[in-house]
Amino acid sequence: MDLVSVRIITADLARSVAFYERATGAKATWATEDFAEITTPSATLALASTRTVPMFAPGSARPAENRSVIIEFRVDDVDRAYADLKDTVPDLVTEPTTMPWGNRSFLFRDPDGTLVNFFTPVTPAASQKHSRPTP
């Protein structure tokens, strides 16, 4: 089994795509007017409009109601990412902080309120855990 993506359902897809393109620096690929993806080397963030929900099960997902998931992105320099984004994120939750498990991170909410964590491993153990495989 391989986790390949996380999907966010949103009532304003264009706004969400623009936000994640700005935050990640990656360009989204639009499959339809209701579905786009931001692909990284290790996973994909899928973004879909509320019009896609009935294709699975009507009412099974509702935008802007998540309060239990944190989407995490490993970045090369969390302090630089924070400096680049601090004035543009709608809700900054924490400034860069070094966590007990060895990551330096900052937490913010996307326009729908989903928590997003940008982190950089800063201890040898965290760096080893999050090392990128060579192609």
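You'll find the structure just up there.
Residues numbered from 1 in each chain as written. Predicted model: local features only at pLDDT ≥ 70, side-chain atom pairs only at ≥ 80, totals over all residues. Heavy atoms only, no water.

### Notes on the sheet that holds strand β7 (residues 103–109)
Within a sheet, neighbouring strands are paired by backbone hydrogen bonds and run either parallel or antiparallel to one another. Read from one edge of the open sheet, four strands run β5-β8-β7-β6, paired in mixed fashion. This sheet does not close on itself; its edge strands, each paired only once, are β5 (70–74) and β6 (91–98). In this sheet, adjacent strand axes meet at a mean angle of 15° when their direction is disregarded. Note that β5 and strand β8 (residues 115–121) share five bridges and pair parallel. Across the sheet, arginine 74 pairs through a bridge with phenylalanine 119, a residue of β8. (Pairing = 2+ DSSP bridges. Helix = DSSP H or I, 4+ residues; strand = E, 2+ residues; numbered from the N terminus. Axes fitted to C-alpha atoms, helices over the stretch in contact; angles between N-to-C directions.)

### A short note on the packing of aromatic side chains
As enumerated under the stated definition, the model contains seven aromatic pairs in all. Ring geometry for phenylalanine 73 versus phenylalanine 118: centroids 5.5 Å apart, planes at 70°, classification edge-to-face. Placement of phenylalanine 73 in strand β5 and of phenylalanine 118 in strand β8 is noted, with a sequence separation of 45 residues between them. Judged by its relative accessible area of 12%, phenylalanine 73 falls in the buried class. On the numbers, 5.3 Å between centres and 75° between planes, the contact of tyrosine 82 with phenylalanine 106 is edge-to-face. You can see tyrosine 82 sitting in helix α3 (residues 78–85) and its partner phenylalanine 106 sitting in strand β7, a full 24 residues away along the chain. You'll find tyrosine 82 and phenylalanine 106 in the same group, each marked buried. Of the aromatic side chains, those joined through ring pairs into one cluster are Phe19, Tyr20, Phe73, Tyr82, Phe106, Phe108 and Phe118. (Phe/Tyr/Trp six-rings, centres within 6.5 Å; stacked < 30°, edge-to-face > 60°. Buried < 20%, exposed > 50% of the residue type's maximum accessible area, 1.4 Å probe, protein only.)

### Things to note about the pattern of salt bridges
Inspection of the entire model under this criterion finds seven salt bridges. With a shortest N-O distance of 2.4 Å, aspartate 34 and arginine 51 are connected by a salt bridge. In this pair, aspartate 34 is assigned in the loop between β2 (29–32) and β3 (35–39) and arginine 51 in the loop between β4 (44–49) and α2 (53–56), connecting sequence segments 17 residues apart. Residue classification places aspartate 34 among the buried residues on the basis of a relative accessible area of 12%. A relative accessible area of 54% means that arginine 51 is categorised as exposed. Residue glutamate 65 is joined to arginine 62 by a salt bridge in which the shortest nitrogen-to-oxygen separation is 3.1 Å. Accessibility expressed as a relative area gives 54% for arginine 62, which makes it exposed. (Salt bridge = Lys/Arg side-chain N within 4 Å of Asp/Glu carboxyl O.)

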